[in-house]
Amino acid sequence: MDSLIARAGAIQPLNKKRRISHAASKSSSKAKKSSSNSDHTLNTVASHTSIPKSLQDSRSLPEDGSSYKHIANKKLRTQLNRQAAQGARAKALLEDAEMLLMDEAGGLEAEGEMDRTWRVGQSDILQSAGQEAAKGRREYKLDGGPYRSRYTRNGRHLAIAGRMGHVSTFDWQTGTVHAELQLQETCRDITFLQDHSYFAVAQRKYVFIYDRDGVELHCLKGHIEPTRLEFLPYHWLLASVGNPGYLKYQDTSTGQLLVEHRTKLGACTTMTQNLHNAVIHLGHQNGCVTLWTPNLPHPAVQLLAHVGPVVSVSVDPSQGGRYMATAGRDGTVKVWDCRNWKGAVRDWQVRGGGDPELDWSARGYLSVASSGTVNIYNPPSIHTPFHVRSPPPLYMTHPIPHRPLTSVRFAPFQDILTVGHSAGLSSVLVPGSGEPNFDSREADPFENKKARSEREVKALLDKIQPDMITLDPEMVGNLAPVSKLTTEVTTVNGKPRTDIPYARLPRIDRLRVSGKLDETEENGAGEDDGEDEESKKHTKEEREKRKMRGKGKSMKRYLRKQRKNVIDPAAVTIRAKLEKQKEEKKRTAAAAAGDTGEKKKLSALDRFKRSK
């Protein structure tokens, strides 16, 4: 070990004398210059060490980056350019951080041209899958009515709620049951809060919150007759909608009921959230789909999606919330593009009766459960526009005889689809549907008690305010885009002006750009212009002259400024001169009209005399 340290040129032990180089006795300036060359340890480490890419600032900005040349404020322009550069470099370095995305995603593949993937059953998949993956294929036989299920964000824990009042939460991988309740009343929906320690149940009259052991903690009496629940993890908001038709947001960190929106569309039994921007999607009985945010009293988007009631809505998380799938009681499934809303990208008719249920996986697989059968469609055929009303190519299918099918949920980070029905739950293996790469700072399937408590504290510190929920989250913290109606105006003070939006241009420049400028108006505005436009003093006088246009000459301006308590002889002389000029103008006008200037004194009765 000592020999390795000596080779590296490190500092010798204290019991040995160090050699003092003669360079240290020279002047300080020369010593500073030669210190980097004489330090052998530094040279040894530097030759085998490089600066991390996250600290390097040598990457060039992309060509399509944001430009803020139109901003006149230099400090603001520099700050925005720095932010844009950091954002561009962060996106470029994101590829280096994705170490597990080297291989292609798995899935079912047909061997020949005549083979189809949907012909492969669960028994064949279990034989080909590994031992750990095969554990996901399970059948839960329960007597509690139609069930609804919900997973935690890390996909480790599962919560189920039966229509007859059976509620349970457990770790489905190990089989550890956390809580099991018989509430003896109608339960319509269930959801976890920030983690598996707390969960909320939409019961017959109110929303109740329980801890992991099943102890009732809160009764939210502001949420009356709830039908669906959603939890926004980054905002710590519990959203509910019910039979009265009110969408309500409850802050679970402070216990405050933030806002309640009156939808004015009657009872609502369909709700989901867009994980990309935290916007709530509601499906109504008249076939409309509405998008809601806490900071708007009206829906941000209202769309007529189906002829009959909307029974299921889901948003694709793999494409950044770009696509939404809706299912109606008329038996149709439609895929919408959330960027333009100009029409359904694709729509088709499902077979059989019943209300279809939809859910997207993390990889973009769409599951449709209806009439005792679960059909799974894989991308990109779902997003491809197709004008004929035919379903996309089928990826997988699985028959379930227990009707009705009330819910479908993909397990996070697993190739598992959980279907809720009248006889319990069925877990189906769907190869390639789950995202195998997880971020341990966001959702860690293997976190322990300490990591969970630390993540909860960090999530509270990083809590986002509800006012920042918008349809386009990228616009938060940025300026509005530059208007397309811009023009380059003439120089001012010898310097060319930058491009200014059309709405902020002066009136003369707006008329010039639109081609409606009147030359006489432009000449009239420039009559009082001076010759010296480069001086600031003259520019100021120029502005004042334009302001006083139509209000008098420079002489009247001078007199108005002299209206003070002090009597100025010069101002008195000028006023007398002006009065004399007025009298002369009157006499000239009277002489031109033939009036001699001698007026006859009229009596009070002359007004009754008729003119001849």
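Quick caveat: nothing in here was measured; it's all calculated off a predicted structure. (Residues numbered from 1 in each chain as written. Predicted model: local features only at pLDDT ≥ 70, side-chain atom pairs only at ≥ 80, totals over all residues. Heavy atoms only, no water.)

## A look at the overall build of the protein
Secondary structure assignment for the protein yields 12 helices and 30 strands. A buried classification covers 35% of the 612 residues belonging to the protein. Considering only contacts in the protein between residues 6 or more positions apart, those separated by 24 or more positions represent 44%. Within the structure as shown, the protein displays about 39300 Å² of accessible surface, and the carbon and sulfur contribution to it stands at 52%. (Helix = DSSP H or I, 4+ residues; strand = E, 2+ residues; numbered from the N terminus. Buried < 20%, exposed > 50% of the residue type's maximum accessible area, 1.4 Å probe, protein only. Contact = heavy atoms within 4.5 Å. Areas by Shrake-Rupley, 256 points an atom, 1.4 Å probe, with all protein chains shown as cover.)

## Side note on the confidence of the model for the protein
Low pLDDT means the predicted coordinates in that region are not meant to be read closely. Across the protein, the average pLDDT comes to 81, with 74% of residues at 70 or higher. Across residues 8-36 the pLDDT falls below 50, and counting only partners more than four positions away or on other chains, this stretch makes 11 contacts in the model. The model gives residues 524-533 a pLDDT under 50, and that stretch makes 14 contacts with residues more than four places away or in other chains. (pLDDT = per-residue confidence, 0-100.)

## What to know about the sheet that holds strand E23 (residues 366-370)
Strand order in this open sheet of four strands is E22-E23-E24-E25, and the pairing throughout is antiparallel. Every interior strand has two partners, whereas the edge strands, strand E22 (357-360) and strand E25 (394-399), have only one. The mean angle between the axes of side-by-side strands here comes to 15°, regardless of whether they run parallel or antiparallel. As defined by bridge partners, E23 adjoins strand E24 (residues 373-377) across five bridges and the pair is classed as antiparallel. By the bridge assignment, Leu 366 is partnered in E24 with Tyr 377. (Pairing = 2+ DSSP bridges. Axes fitted to C-alpha atoms, helices over the stretch in contact; angles between N-to-C directions.)

## Points about the pairing of strand E14 (residues 270-273)
Where burial is concerned, the two faces of E14 agree: the one with Thr 270 and Thr 272 and the one with Met 271 and Gln 273 are both buried. Relative to strand E15 (residues 280-283), E14 runs antiparallel, the two sharing four bridges. Each bridged residue has a counterpart across the sheet, and for Met 271 the counterpart in E15 is Leu 282. A loop of six residues connects E14 with E15, the two strands running antiparallel in sequence, and Ala 278 in this loop sits at a positive phi of about 60°.

## Section: the packing of aromatic side chains
Applying the stated criterion across every chain, the model contains six aromatic pairs. Each ring, one from Phe 413 and one from Phe 438, has its centre 6.0 Å from the other, and the planes form 65°; the classification is edge-to-face. Here Phe 413, found in the loop between strand E26 (405-410) and strand E27 (416-421), pairs with Phe 438, found in the loop between strand E28 (424-429) and helix H7 (449-461); they are 25 residues apart in sequence, far enough to count as distant. Looking at Phe 413, the relative accessible area reads 22%, which means it is partly exposed. A residue is classified by how much of its surface remains accessible, and Phe 438, at 33% relative accessible area, is partly exposed. Through pairs of rings, three or more aromatic residues link up here, namely Phe 413, Phe 438 and Phe 446. Just above the ring of Tyr 234 sits the side chain of Arg 153; from NZ or CZ to the centre is 5.1 Å. (Phe/Tyr/Trp six-rings, centres within 6.5 Å; stacked < 30°, edge-to-face > 60°. Lys NZ or Arg CZ within 6 Å of the ring centre and 35° of its normal.)

## Some points on the environment of Tyr 365
Take Tyr 365: it is sitting in the loop between E22 and E23. The spatial distance from the C-alpha of Tyr 365 to the C-alpha of Asp 316 is 8.5 Å, given a sequence separation of 49 residues. Residue contacts for Tyr 365: discarding those within four places in its chain leaves Gly 106, Asp 359, Trp 360, Ile 376, Tyr 377, Asn 378, Pro 379, Tyr 395, Phe 410, Pro 431, Gly 432 and Ser 433.

## What about the sheet that holds strand E10 (residues 226-232)?
The strand order across the open sheet formed by four strands is E10-E11-E12-E13, and the pairing between neighbours is antiparallel. Whereas interior strands pair on both sides, the edge strands pair on one side only; in this sheet they are E10 and strand E13 (257-262). Taken pair by pair, the neighbouring strands of this sheet meet at an average axis angle of 15°, ignoring direction. Direction of pairing for E10 relative to strand E11 (residues 237-242): antiparallel, over a ladder of six bridges. Paired with Pro 226 across the strands is Gly 242, a residue of E11.

## Considerations on the environment of Gly 283
Looking at where Gly 283 falls in the secondary structure, it is placed in strand E15. Sequence separation between Gly 283 and Ala 267 is 16 residues; the distance between their C-alpha atoms is 9.8 Å. Setting aside residues up to four positions removed in sequence, Gly 283 forms contacts with Cys 268, Thr 269, Thr 270, Cys 288, Val 310 and Val 313.

## Points about the UniProt feature "repeat: WD" (unreviewed entry) in the protein
Look at the UniProt record and you will see "repeat: WD" (unreviewed entry) annotated at residues 303-337. As annotated, residues 303-337 comprises 0% helix and 57% strand, and the C-alpha atoms at either end are separated by 12 Å. (UniProt positions renumbered as here; feature names shortened; annotations may be inferred.)

## Observations regarding the pairing of strand E9 (residues 216-220)
Within a regular strand, side chains alternate between the sheet's two faces. Pairing geometry for strand E8 (residues 207-211) and E9, over four bridges, is antiparallel. Bridge pairing links Phe 208 to Cys 219 in E9. Connecting E8 to the antiparallel partner E9 that follows it, the hairpin turn spans four residues, and Gly 214 within it adopts a positive phi of roughly 90°.

## So, the pattern of salt bridges
Scanning all chains against the criterion turns up 18 salt bridges. A salt bridge links Asp 189 to Arg 148, with the shortest nitrogen-to-oxygen separation between them at 3.6 Å. Of this pair, Asp 189 sits in strand E6 (residues 187-192) while Arg 148 is found in strand E2 (residues 147-151), placing the two residues 41 residues apart along the sequence. Exposure remark for Arg 148: the relative accessible area of 12% places this residue in the buried category. Across the pair Asp 439 and Arg 441 runs a salt bridge whose closest N-O atoms are separated by 3.5 Å. (Salt bridge = Lys/Arg side-chain N within 4 Å of Asp/Glu carboxyl O.)

## Details of unusual backbone geometry
In the segment running from Pro 379 into Pro 380, the intervening peptide bond is cis, with an omega of 0°. For Pro 380, the location among the structural elements is in the loop between E24 and E25. Of note in the backbone geometry, Glu 225 takes a positive phi value of approximately 45° without being a glycine. Inspection of the secondary structure puts Glu 225 in the loop between E9 and E10. Within the chain, Trp 341 stands out as a residue other than glycine whose phi angle is a positive 55°. Mapped onto the fold, Trp 341 is located in the loop between strand E20 (332-337) and strand E21 (344-349).

## Some words on the nonpolar core
Across soluble globular proteins, nonpolar side chains show a tendency to be buried alongside one another. Counting residues in hydrophobic clusters, the biggest one holds 26 residues, and the most contacted among them are Trp 172, Val 374, Ile 376, Met 396, Leu 417, Val 419 and Val 430. Among the secondary structure elements, those contributing two or more residues to this core are E2, strand E3 (157-162), E24, E25, E26, E27 and E28. Once residues lying within four places of it in the same chain are set aside, the contact partners of Val 419 are Val 374, Ile 400, Leu 405, Ser 407, Val 408, Gly 424, Leu 425 and Ser 426. Formed by 25 residues, the second largest nonpolar core is a distinct cluster that contains Val 241, Leu 247, Val 301 and Ala 305. (Core = buried A, V, L, I, M, F, W, Y, C linked by side-chain atoms within 4.5 Å.)

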